[in-house]
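Summary of the model geometry
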Amino acid sequence: MSTAPHALAETVRTVLGDVRPEELGVCDAHDHLFFGSPQLPGQELRDASAARAELAAFRAQGGTSVVQWTPYGLGRRAADLPLLARDTGVQVVAATGLHQAAHYTPESLSELRNKLAALFVSELTTGIGTSGVRAGLIKVAGGFHALDAHARWTMTAAAEAHHATGAPIAVHLELGTGALDVLDLLCGELGVPPHRVILGHLNRSPDFVVQREAAEAGAYLAFDGPSRAHHATDWRMPNAVRALADAGFGHRLLLGGDTTTAAARSVNGGPGMPYLLRRVRPRLELALGKDLVDRMLSGNPGRAFAVAWP
């Protein structure tokens, strides 16, 4: 009598190795320790000491894990991440992927033609460059209310890498727009299961109808900020989260800080990573109750980023 093989356990791939989903603890589901782009000259996140201090400040507020969405070519400094994680006691998840074309030179993008999916798979399974650090997610980006040829190229490669590895795909939505177009492409055309897609920046476009449609499709919705450039919509987030939770989608919601500039770091006088737990969490608890906020910070991220890695 034959027996079926045991299913592989799902784990989250951190820079120090794979962990059980519940081991993430209190998770900032979208942030950056290192990031550099010609779109943000002079505001690069390059200082390892500042990154360490930021993680320590986050840890002091009760945080235990951070998912860095910095993709290929934007200064991830993958080799530095394990030491930072060990020094601070904060688990870190790294990303592969590719951002919008504006963040790269035409020459660097040309070099990736016909090998983008293979790069993503390699960084998920073997390691980023020579660091040995494996990525735990694929980060790509849409455009403002649309998907251009670059977005379709990168998302097609991300879908191929997902089918090879099971890795989740996290999507930068430009100003929070284009969620349904992203899902049409990734899930409708390219066959990615909706629960493997994480839509970022939903707070930046407070369209409750679109948010509900994205949740109904089965995707995870990340509300990440605050951001000086998008502060006008911050106050709408509790209502958006409440509407989604009341509709039965509390299990699909994530919270993050999305620190992308040096000025935004708490160690430089900005809100930074600690703000998520120091101010956003109690604000949401007042509006939504502690149980839902705990789920968004501590339960949902483990499911969103856990994979039965091959």
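Residue numbers here run from 1 along each chain, matching the order of that chain's written sequence. Given that the model is predicted, a residue must reach a pLDDT of at least 70 before its local features are reported, and side-chain atom pairs must reach 80 or more before they are shown or counted; all residues, however, enter totals for whole chains, interfaces and linings. The side-chain numbers reported here are obtained from all heavy atoms of the structure, hydrogens and water having been left aside.

Considerations on the overall build of the protein chain
If you tally the helices and strands in the protein chain, you get 10 helices and 11 strands. In terms of overall size, the protein chain behaves like a compact globule, its C-alpha atoms giving a radius of gyration of 18 Å where 310 residues would be expected to give roughly 19 Å. Along the first, second and third principal axes, the C-alpha atoms of the protein chain reach 50 × 45 × 45 Å. Counting across all 310 residues of the protein chain, residues that qualify as buried make up 55%. Working rule for contacts: check all heavy atoms of both residues, and any pair within 4.5 Å makes them a contact. Here the contacts in the protein chain between residues at least 6 apart in sequence split such that 76% fall between residues at least 24 apart. Neither His nor the chain ends contribute to the count of charged residues, in which Lys and Arg are positive and Asp and Glu negative. A charged residue contributes its charge at one atom only: NZ of Lys, CZ of Arg, CG of Asp or CD of Glu. Here the protein chain carries 28 positive and 30 negative side-chain charges, and the mean point of each set is 5 Å from the other. By definition, any uninterrupted DSSP run of H or I lasting at least four residues is a helix, any uninterrupted run of E lasting at least two residues is a strand, and each is numbered from the N terminus. A radius of gyration in this sense is built from C-alpha atoms; the matching globule rule multiplies 2.2 Å by the number of residues raised to 0.38. Residue exposure (1.4 Å probe, protein chains only): buried if accessible area is under 20% of the type maximum, exposed if over 50%, otherwise partly exposed.

Digging into the sheet that holds strand β4 (residues 65–68)
Backbone-to-backbone hydrogen bonds pair the strands of a sheet. The strands run either parallel or antiparallel. Pairing within the open sheet is parallel, and its 3 strands lie in the order β3-β4-β5. Each edge of the sheet is formed by a strand with only one pairing partner; in this case those strands are β3 (27–31) and β5 (91–93). Strand-to-strand twist across the sheet, computed as the mean angle between neighbouring axes with direction ignored, equals 20°. Note on pairing: DSSP must find at least two bridges between two strands before they are called paired. Pairing of β3 with β4 involves 3 bridges; the strand directions are parallel. Paired with Asp31 across the strands is Gln68, a residue of β4. For every element, the axis is a line fit to its C-alpha atoms; helices are fit only across the contacting stretch, and the angle between N-to-C directions ranges from 0 to 180 degrees.

Regarding unusual backbone geometry
Its identity is not glycine, yet Leu175 carries a phi of approximately 55°, on the positive side. With respect to the helices and strands, Leu175 occurs in the loop between β8 (169–172) and α6 (179–189). Look at Leu175 and you get partly exposed, because its relative accessible area is 34%. Even without being glycine, His201 reaches a positive phi, approximately 70°.

A look at the packing of aromatic side chains
Between the rings of Phe, Tyr and Trp (Trp by its six-membered ring), a pair exists once the centres lie within 6.5 Å; its type follows the angle of the planes, with under 30 degrees stacked, over 60 edge-to-face, and the other angles tilted. Applying the stated criterion across every chain, the model contains 0 aromatic pairs. In this arrangement the basic side chain of Arg113 is found over the ring face of Trp153, its NZ or CZ atom lying 3.8 Å from the centre. Note on criteria: charge over ring means Lys NZ or Arg CZ within 6 Å of the ring centre, with the direction from the centre no more than 35 degrees off the ring normal. The ring of Tyr220 is capped by Arg252, whose NZ or CZ atom sits 4.9 Å from the centre of that ring.

Let's talk about the pairing of strand β7 (residues 137–141)
As a general feature of sheets, a regular strand has side chains that alternate between the two faces. Counting buried residues in β7 gives 5 out of 5 residues, a clear majority hidden from the surface. Here strand β6 (residues 95–97) runs beside β7; their pairing, made up of 3 bridges, is parallel. Bridging across to β7, Thr96 finds its partner in Ile138. For β7 and β8, the ladder comprises 4 bridges, and the chain directions are parallel.

Here's the deal with the UniProt feature "modified residue: N6-carboxylysine" (unreviewed entry) in the protein chain
UniProt positions are given in the numbering used here, feature names are shortened, and annotations may be inferred rather than shown by experiment. Within this structure's numbering, the places UniProt gives as "modified residue: N6-carboxylysine" (unreviewed entry) are Lys139. Following the sequence through the fold, Lys139 ends up in strand β7. If near-sequence neighbours (up to four positions away) are discounted, Lys139 is found in contact with His32, Trp69, Pro71, Ala95, Thr96, Gly97, Leu98, His99, Ala170 and His172.

Let's talk about the confidence of the model for the protein chain
Residue-level confidence of the predictor is what pLDDT reports, using numbers from 0 through 100. In the predicted model, the protein chain carries a mean pLDDT of 94, and the fraction of residues at 70 or more is 95%. Per-residue pLDDT stays below 50 along residues 1–5; that stretch engages in 0 contacts with residues further than four places along the chain or on separate chains.

What to know about the nonpolar core
Here, nonpolar core refers to any group of buried Ala, Val, Leu, Ile, Met, Phe, Trp, Tyr and Cys residues whose side-chain atoms link them within 4.5 Å. Within the largest apolar cluster, 80 residues are counted, with the highest numbers of intra-cluster contacts made by Phe120, Ile138, Met155, Val171, Leu186, Leu199 and Phe223. Per element, the largest residue contribution to this core is 7 residues, and it comes from helix α5 (residues 149–165). Those residues in contact with Ile138 that lie beyond four places of it in its chain are Thr96, Gly97, Phe120, Leu124, Ala158, Ala161, His162, Ala167, Pro168, Ile169 and Ala170. With 18 residues, the next largest nonpolar core counts Val12, Val93, Leu254 and Phe305 among its residues.

Structural notes on the sheet that holds strand β9 (residues 197–200)
In space, the 6 strands of this open sheet follow the order β6-β7-β8-β9-β10-β11, with parallel pairing throughout. Each of the sheet's edge strands pairs with one partner strand only, and the pair in question is β6 and β11 (253–256). Adjacent strand axes in the sheet meet at a mean angle of 30° when their direction is disregarded. Across the face of the sheet, α6 comes into contact with β8 and β9 while running at roughly 160° to β9.

Regarding the pattern of salt bridges
Whenever Lys or Arg places a side-chain nitrogen within 4 Å of a carboxyl oxygen from Asp or Glu, that contact is recorded as a salt bridge. In this structure the tally under the stated criterion is 12 salt bridges. Salt-bridge contacts for Arg134 lead to Asp18; the nearest nitrogen and oxygen are separated by 3.9 Å. Residue Arg134 is found in the loop between α4 (116–125) and β7, and its partner Asp18 is found in strand β2 (residues 17–19); the two are separated by 116 residues along the sequence. Between Glu123 and Arg76 there is a salt bridge, with the nearest N and O atoms lying 2.8 Å from each other.

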